[in-house]
Amino acid sequence: MTSLTFWKPGTAGPGSSLDRATEQEGNIIQSAPSSFSMESQRERLPIAKHKMKLLHCVEKYPVTIVVGQTGCGKTTQLPQYLMEAGWAADGNVIACTQPRRVAATSVANRVAAEANTTLGDKVGYTIRFEDVSDKTRTRIRYMTDGMLFRETLVDPLLSRYSVIMIDEAHERSLYTDLLLGILKKILRKRPSLRLIISSATLDATQLLNYFEASNPPDMATIISLEGRMYPVEVSYLQDPVADYVKKAAEVAWHINLESKPGDVLVFLPGREDIERCLEELVEMIPVLPRGAPQIIPLALHAGMSTEEQLRVFNPAERNTRKIIAATNIAEASVTIDGVRYVVDCGFVKIRIYNPTTTLASLATVPVSAASATQRAGRAGRTAPGVCYRLYSESTFNSLSPSTPPEITRTDMTTPILQLKSLGIDDLMKFEWVSAPPSESVLRALESLATAGMIGEDGRLTAVGEKVAEFPVDVNIARMLLCSKDFKCGEEILTIAAMTSVQDVFVIPEGAPGAIAELERRKFTAEEGDHLTLLNAYNAFTRYGRSSSWCKSHALNFRTMSRAVSIRAQLKKYMSRFGLPTESCQGDAKRLRQCLVSGYWRNGARWVDDGTYRSVKGNKILHVHPTSVLFTRKPRSGWVIFHELEETKKTQVRILTEIEPDWLLDYGHKFYSKHEAA
DNA sequence: GAGCACTGC
């Protein structure tokens, strides 16, 4: 065991990088504040002394950018100040968007309590599948950014809102960026609308410039608020390490031996690293000196069940210390109080999209400075803390300031279809906060054109209009529309819902993993994965949608329940468009033909070595091992697939066997119809 | 014969 060689540059005080942490309160468990002292608590928040100034700015400027730090209270207080000042009078509504569902619900809960109202009455929230708000009574509405974006499709000027607050704007989620672009347009048509953008980083000047560009002066202003966090001392490693997982385990071990009480949170990029780190720790436990706190090793990542995730919140008993190895989920989504030590390996996994190859992949990259700062801040929520960075201070200084906005690294097909549906046809003139790569826009336009969603004039076709409304990807929406011709709406709805969720099958480690594999095979359909998913869903509903049944059949209960909700939602769209949801009565051929109408661009041909070649581009494709076609050659030699992802190899997931001529027969349906018209 | 951060409609 080596001893720690950290260099301590001193305590981070006001004005340090820690000022930029966010006030996200997305914890899974959150005790409601006692109503007894609520009023005085509100008055003691740092934001309280800026109340008059904030209200003045909102009165005067169409756009107010609020830079606020952790715990300053902007998310909970600002909408209430606005309501008290009369911004929600005369039927007006104040909206506050959040990038995550949990945040929207938990914040709404707290504010409803503070405002002494039942949740869903004066204060409510709206997320997909849950609208806890009242059309006429709700004055403050917390919602996901995706939900507000969707609302623009119905009400392009968002006319019911007097003030729209885009919270956590520094995260730059896809829908936050799209909303900001649209809101800049809306403001020109509705000068009375007020926009508040809340950001935790100083990137705020970029947003200020964005709203001031080609607008009259006095358009926007910035207000900075102090936070209410404990100081966190930051320590760096002097030399780089070869194995950050091992080092992270060592550092956590030393913290346990040498530091005052407080839990340890270790940030690692992925599940595999987390498991290895905890194994290293567990192996050392037998040599733990007498008198040292017992180590409670815990993992936290999105792949775990809710039940498993909740374990990190159990308070550590006397003379024990929790060491939690987590992914980025602990950076903003989940807040664990009691953490006083953070170990930051300096890496994160992000999704990358390559518009040239149209391939998505996951890459492990260095964290951004903003992200590293946010991680450090996790040590100072309830008491002063320490953050150990497993890299040098010069490395920290060379980190990019923030993670590239999602809009620059994602497939733009669906967003562009939606923008077109809003009447934004000239994408080159659209004022992006950060423009997506032009290659990405071109690819999206090209794929929309070949799918028959936009015509030669670049405008939406009648089919495109419908597809833009469906809350699923273009391929899937196309398949749902075609189900009418193949008389299989019932089954296609289920398949659409099941392909919209991830990780249907649970794969535990070791021996249980093999058993889970056998359970999974019980649902196997000869024809491929789409029908296998259909079988799993039907069995789930047949056996009462029970969680214990899921457990014994290696299915993820949370995922399955979500698929049920999605299916119900899609079914409503089907009836709105007058599409029947009849059953194919077991005619798998018709079902597979319908699949081709959605996935016609994702065709592939089997070759002798067990790999496939894509119809488009003749690329070498490997079957993902979770596919039922992993070990089996399809009789016809041809398949369509749901998605393609680049890992070490290019892999395809969710395959179904087809006849090759179907690709021509059913693929170009909308395109040729449009051409003929 | 192999694994995958996180969100959202």
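Quick summary incoming for the structure in this document. Only a predicted model underlies this, so the values are computations on that prediction, with no experimental measurement involved. (Residues numbered from 1 in each chain as written. Chains lettered and ligands numbered in written order. Predicted model: local features only at pLDDT ≥ 70, side-chain atom pairs only at ≥ 80, totals over all residues. Heavy atoms only, no water.)

1. With respect to the overall build of chain A
Reasoning step 1: Within chain A, the secondary structure is distributed over 25 helices and 22 strands.
Reasoning step 2: The C-alpha radius of gyration of chain A comes to 26 Å, within 12% of the 26 Å expected for a compact globule of 677 residues.
Reasoning step 3: Expressed as lengths along the three principal axes of its C-alpha atoms, the size of chain A is roughly 70 × 65 × 45 Å.
Reasoning step 4: For chain A, with 677 residues in total, the buried portion stands at 55%.
Reasoning step 5: Across chain A, contacts joining residues at least 24 apart in sequence account for 75% of those joining residues at least 6 apart.
Reasoning step 6: Accessible surface, chain A as shown: approximately 29500 Å² in total, 52% of it carbon and sulfur.
Reasoning step 7: Mean positive and mean negative side-chain charge positions of chain A (82 and 77 charges, respectively) differ by 2 Å. (Helix = DSSP H or I, 4+ residues; strand = E, 2+ residues; numbered from the N terminus. Rg over C-alpha atoms; globule rule 2.2 N^0.38 Å. Buried < 20%, exposed > 50% of the residue type's maximum accessible area, 1.4 Å probe, protein only. Contact = heavy atoms within 4.5 Å. Areas by Shrake-Rupley, 256 points an atom, 1.4 Å probe, with all protein chains shown as cover. Lys, Arg positive; Asp, Glu negative; His and termini not counted. Charge placed at Lys NZ, Arg CZ, Asp CG, Glu CD.)

2. Some words on the sheet that holds strand S6 (residues 140-144)
Within a sheet, neighbouring strands are paired by backbone hydrogen bonds and run either parallel or antiparallel to one another.
Reasoning step 1: Read from one edge of the open sheet, 8 strands run S5-S4-S6-S3-S7-S8-S2-S9, paired in mixed fashion. The open sheet has two edge strands, strand S5 (130-132) and strand S9 (220-224), and neither has a second partner. Between one strand axis and the next, the sheet turns by 20° as a mean value, whatever way the strands run.
Reasoning step 2: Here strand S3 (residues 93-98) pairs with S6 via 5 bridges, running parallel. From the neighbouring strand, threonine 97 faces S6, where its bridge partner is methionine 143.
Reasoning step 3: Lying on the sheet, helix H4 (residues 101-114) is in contact with S3, strand S4 (123-127), S5 and S6; it crosses S4 at an angle near 170°. (Pairing = 2+ DSSP bridges. Axes fitted to C-alpha atoms, helices over the stretch in contact; angles between N-to-C directions.)

3. Some thoughts on the environment of arginine 375
Reasoning step 1: Relative to the elements of secondary structure, arginine 375 occurs in helix H12 (residues 369-377).
Reasoning step 2: Distance from arginine 375 to leucine 265, taken between C-alpha atoms, is 9.2 Å for residues 110 residues apart in sequence.
Reasoning step 3: If we ignore the near neighbours within four places in the chain, the residues touching arginine 375 are Phe267, Asn328, Glu331, Val342, Asp344, Gly346, Phe347, Val348 and Val367.
Reasoning step 4: A distance of 2.7 Å separates a polar atom in the side chain of arginine 375 from a polar atom in the side chain of aspartate 344.
Reasoning step 5: There is a polar contact of 3.3 Å between the side chain of arginine 375 and the backbone oxygen of phenylalanine 347. (Polar contact = N/O pair within 3.5 Å; in protein donor to acceptor, adjacent residues only side chain to side chain.)

4. Looking at the side chain of aspartate 263
Reasoning step 1: Residue position: aspartate 263 is located in strand S11 (residues 263-267).
Reasoning step 2: In contact with aspartate 263, not counting residues within four places along its chain, are Ala316, Arg321, Lys322, Gly338, Val339, Arg340 and Tyr341.

5. Details of the protein's contact with DNA strand B
Reasoning step 1: Arg101, Arg128, Ala302, Ile507 and Pro625 are the nearest of the 30 residues found near DNA strand B.
Reasoning step 2: Near the protein, meaning within 4 Å, the atoms of DNA strand B are sugar or phosphate in a fraction of 67%, with bases accounting for the rest.
Reasoning step 3: Here a sugar or linking oxygen of DNA strand B sits 3.3 Å away from a polar atom, N or O, in the side chain of arginine 150.
Reasoning step 4: Measuring from a base nitrogen of DNA strand B, one finds a side-chain N or O atom of arginine 653 at 3.3 Å.
Reasoning step 5: Listing elements by their share of the surface near DNA strand B, those giving two or more residues are helix H5 (145-154), strand S15 (347-354) and strand S22 (650-658).
Reasoning step 6: Broken down by element, the surface near DNA strand B gets its largest block of residues, 3 residues, from H5.
Reasoning step 7: Its residues assigned to classes, the surface near DNA strand B comprises 11 nonpolar, 9 polar and 10 charged. (Near = heavy atom within 4 Å. Nonpolar A, V, L, I, M, F, W, Y, C, P; charged D, E, K, R; others polar.)

6. What about helix H17 (residues 474-486)?
Reasoning step 1: Between its first and last C-alpha, H17 extends 19 Å over 13 residues, near the 18 Å set by a 1.5 Å rise per residue.
Reasoning step 2: Extensive coverage of H17 is indicated by the burial of 10 of its 13 residues.
Reasoning step 3: What H17 keeps buried is the set Val474, Ile476, Ala477, Arg478, Met479, Leu480, Leu481, Cys482, Ser483 and Phe486.
Reasoning step 4: Positive phi shows up at lysine 487, right after H17, with a value of about 50°. (Expected span 1.5 Å × (residues − 1).)

7. A short note on the pattern of salt bridges
Reasoning step 1: Applying the stated criterion across every chain, the model contains 32 salt bridges.
Reasoning step 2: In this structure, arginine 188 engages glutamate 431 in a salt bridge whose closest nitrogen and oxygen atoms are separated by 3.1 Å. Here the residue arginine 188 occupies a position in helix H6 (residues 174-189), and glutamate 431 occupies one in the loop between helix H14 (413-421) and helix H15 (438-450), the gap between them amounting to 243 residues.
Reasoning step 3: Overall, the relative accessible area of 26% leaves glutamate 431 in the partly exposed class.
Reasoning step 4: Salt-bridge contacts for arginine 635 lead to glutamate 659; the nearest nitrogen and oxygen are separated by 3.4 Å. Taken together, the positions of arginine 635 in the loop between strand S20 (620-623) and strand S21 (638-646) and glutamate 659 in the loop between S22 and helix H24 (660-667) put the pair 24 residues apart, joining distant regions of the chain.
Reasoning step 5: Arginine 635 gets classed as exposed once you look at its relative accessible area, which sits at 61%.
Reasoning step 6: The network of salt bridges with common partners includes Arg42, Lys51, Glu84 and Glu114. (Salt bridge = Lys/Arg side-chain N within 4 Å of Asp/Glu carboxyl O.)

8. A closer look at the pairing of S21
Reasoning step 1: Of the pairings in the sheet, the one linking strand S16 (residues 359-366) to S21 comprises 2 bridges and is parallel in character. Looking at S21, one finds that serine 361 is bridged to glutamate 646.
Reasoning step 2: Direction of pairing for strand S18 (residues 603-606) relative to S21: antiparallel, over a ladder of 3 bridges. Paired with arginine 605 across the strands is tryptophan 638, a residue of S21.
Reasoning step 3: Bridge count for S21 against S22 is 8 bridges, and the pairing is antiparallel. Residue phenylalanine 641 lies in a different strand from S22, and its bridge partner there is leucine 655.
Reasoning step 4: Two successive antiparallel strands, S21 and S22, enclose a turn made up of 3 residues.

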